Amino acid sequence: MANDNQNLEKLTAAKAAIAFVKNNDVVGLGTGSTATLAIKELAKLIKDGLKITGVPSSEATKKLAISLGIPLLELGKVRSIDVSIDGADEFTKELNLIKGGGGALFREKIMASLSKKTIIVTDGSKLVEKLGAFKVPIEVNPNAEKYVMIKLKKLKGKPVKRIENGKIFITDNQNYIFDTDFGLIDDPEKLAYELNQIDGVLGHGIFVNLTDIIFMAKGDYITSYHKNIG
Ligand SMILES: O=C[C@H](O)[C@H](O)[C@H](O)COP(=O)(O)O
């Protein structure tokens, strides 16, 4: 459970990202507690006259955006997004991420892939030296449940089907999530590639080369990490 300080940090990071949204932008709307704060800040600007069109990355975010009166386009219908703002469960200074704690990883990855600029916002608890303490969420078609389990074990993963409130967790795309322990991940790009090769895996929470800026707030300080374009 996030404490008050963490919530304040999330809000600080969210506000830093909102500054990148310009009039008439198509804006990717992430999922989770930090993205929610960003979306609420965006809604305030819209009330003050900013014109944007949002693209939600989950059904929960869609519902939130509608309740706040944000005009929306469906993710599957857009060719390009100007800027997207999302959270993360872990990140490294190389701008590699683990996402999907809320199960929205597939649509979030499509959103990030369509975005000219992807901004990630986090509190001070998400920065790690190496990804992997947070188990990698993997979205799996139920028809491939056993097959994918076998494949993940061959990759030395320990998959556990996600249960929430005593029930099997079902994603917005009607799939399962396997939270998979790979230990600390030495080469996230390689693991991402290997997971992409498994039939029945719709997507996974390792995000490599998809982020432009990360704003992390810790206490009173905000640190930004930028993509190395050199
Ligand atoms: O599926 C959920 C997303 O990837 C979230 O962005 C991620 O879990 C971080 O969420 P939060 O901002 O609540 O920590």
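Residues numbered from 1 in each chain as written. Predicted model: local features only at pLDDT ≥ 70, side-chain atom pairs only at ≥ 80, totals over all residues. Heavy atoms only, no water.

### Topic: the UniProt feature "active site" (unreviewed entry) in the protein chain
Per the UniProt record, "active site" (unreviewed entry) is found at E108. Along the chain, E108 turns up in helix α4 (residues 105-114). Relative accessible area serves as the criterion here: at 3%, E108 is assigned to the buried category. Among residues more than four places away in sequence, those in contact with E108 are T31, S57, D86, K99, G100 and F207. (UniProt positions renumbered as here; feature names shortened; annotations may be inferred. Helix = DSSP H or I, 4+ residues; strand = E, 2+ residues; numbered from the N terminus. Buried < 20%, exposed > 50% of the residue type's maximum accessible area, 1.4 Å probe, protein only. Contact = heavy atoms within 4.5 Å.)

### Here's the deal with the layout of surface pockets
What the largest pocket holds in volume is close to 390 Å³. Lining the largest pocket are 26 residues, and of these T31, G32, G101, G102 and G103 lie nearest its centre. Put simply, the parts of the chain that give the lining of the largest pocket at least two residues each are α2 (33-47) and α3 (59-67). Top element by residues in the lining of the largest pocket is α2. It accounts for three residues. For the lining of the largest pocket, the residue count by class is six nonpolar, 11 polar and nine charged. (1 Å grid on protein atoms, 1.4 Å probe; cavity = no way out; pocket = protein on both sides within 12 Å on 5 of 7 lines; lining within 4 Å. Points joined across faces, edges and corners; volume = space filled by probe spheres on them. Nonpolar A, V, L, I, M, F, W, Y, C, P; charged D, E, K, R; others polar.)

### Quick word on the side chain of T180
If you trace the backbone, T180 turns up in strand β11 (residues 176-181). T180 gets classed as buried once you look at its relative accessible area, which sits at 0%. At a separation of 3.2 Å, a polar atom in the side chain of T180 contacts the main-chain carbonyl oxygen of F178. Non-local contacts of T180, meaning those with residues more than four positions away in its chain, are made with K135, V136, I138, L152, G157, K158 and P159. (Polar contact = N/O pair within 3.5 Å; in protein donor to acceptor, adjacent residues only side chain to side chain.)

### A few points about the pairing of strand β1 (residues 26-29)
Of the two faces of β1, the one holding V26 and G28 and the one holding V27 and L29 are both buried throughout. One ladder, built from four bridges, connects β1 with strand β2 (residues 53-56); its direction is parallel. By the bridge assignment for β2, G28 is matched with V55. Traced from β1 through α2 to β2, the parallel crossover comes out right-handed. (Pairing = 2+ DSSP bridges. Right-handed = clockwise from strand over helix to strand, strands pointing away.)

### Some points on the packing of helix α1 (residues 4-18) against α2
Packing of α1 against α2 brings their axes to within 8 Å, and their N-to-C directions diverge by 50°. When the interaxial angle is binned, α1 and α2 end up oblique. Of the two possible hands of crossing, α1 and α2 adopt the one that is right-handed. Residues N7, K10, L11, A14, K15 and I18 of α1 pack against S33, T34, L37, A38, E41, L42 and L45 of α2. (Axes fitted to C-alpha atoms, helices over the stretch in contact; angles between N-to-C directions. Parallel < 35°, antiparallel > 145°, perpendicular 65-115°, else oblique. Left-handed = near helix turned anticlockwise from the far one by under 90°.)

### Focus: the site of the ligand
Taken together, the neighbourhood of the ligand is formed by 16 residues, with T31, S33, T34, E108 and K126 sitting nearest. One of the side-chain nitrogen or oxygen atoms of E108 is found 2.7 Å away from an oxygen atom of the ligand. Here an oxygen atom of the ligand and a side-chain polar atom of K126 are 2.7 Å apart. When atoms are counted within 2 Å of each cavity's grid points, the one that captures over half of the ligand is the largest pocket. (Near = heavy atom within 4 Å. Sits in = over half its atoms within 2 Å of the grid points.)

### What about the domain arrangement of the protein chain?
Splitting the protein chain by domain gives domain 1 (4-127 + 208-219) and domain 2 (136-203). Here the C-alpha centroids of domain 1 and domain 2 sit 24 Å apart. In this complex, domain 1 contributes 14 residues to the contact, which on the side of domain 2 involves 14 residues. Taken together, the two surfaces of domain 1 and domain 2 that pack against each other cover about 1100 Å², and 60% of this comes from carbon and sulfur. Linking domain 1 to domain 2 there are zero salt bridges. In this structure, the connection of domain 1 to domain 2 is made through five residue pairs in polar contact (both at pLDDT 80 or more). With three residues, the top contributor of residues to the side of domain 1 that touches domain 2 is α4. In terms of residue class, the side of domain 1 that touches domain 2 is built from four nonpolar, seven polar and three charged. (Domains from an automatic or database assignment. Buried area = accessible area lost by both parts, 1.4 Å probe. Salt bridge = Lys/Arg side-chain N within 4 Å of Asp/Glu carboxyl O.)

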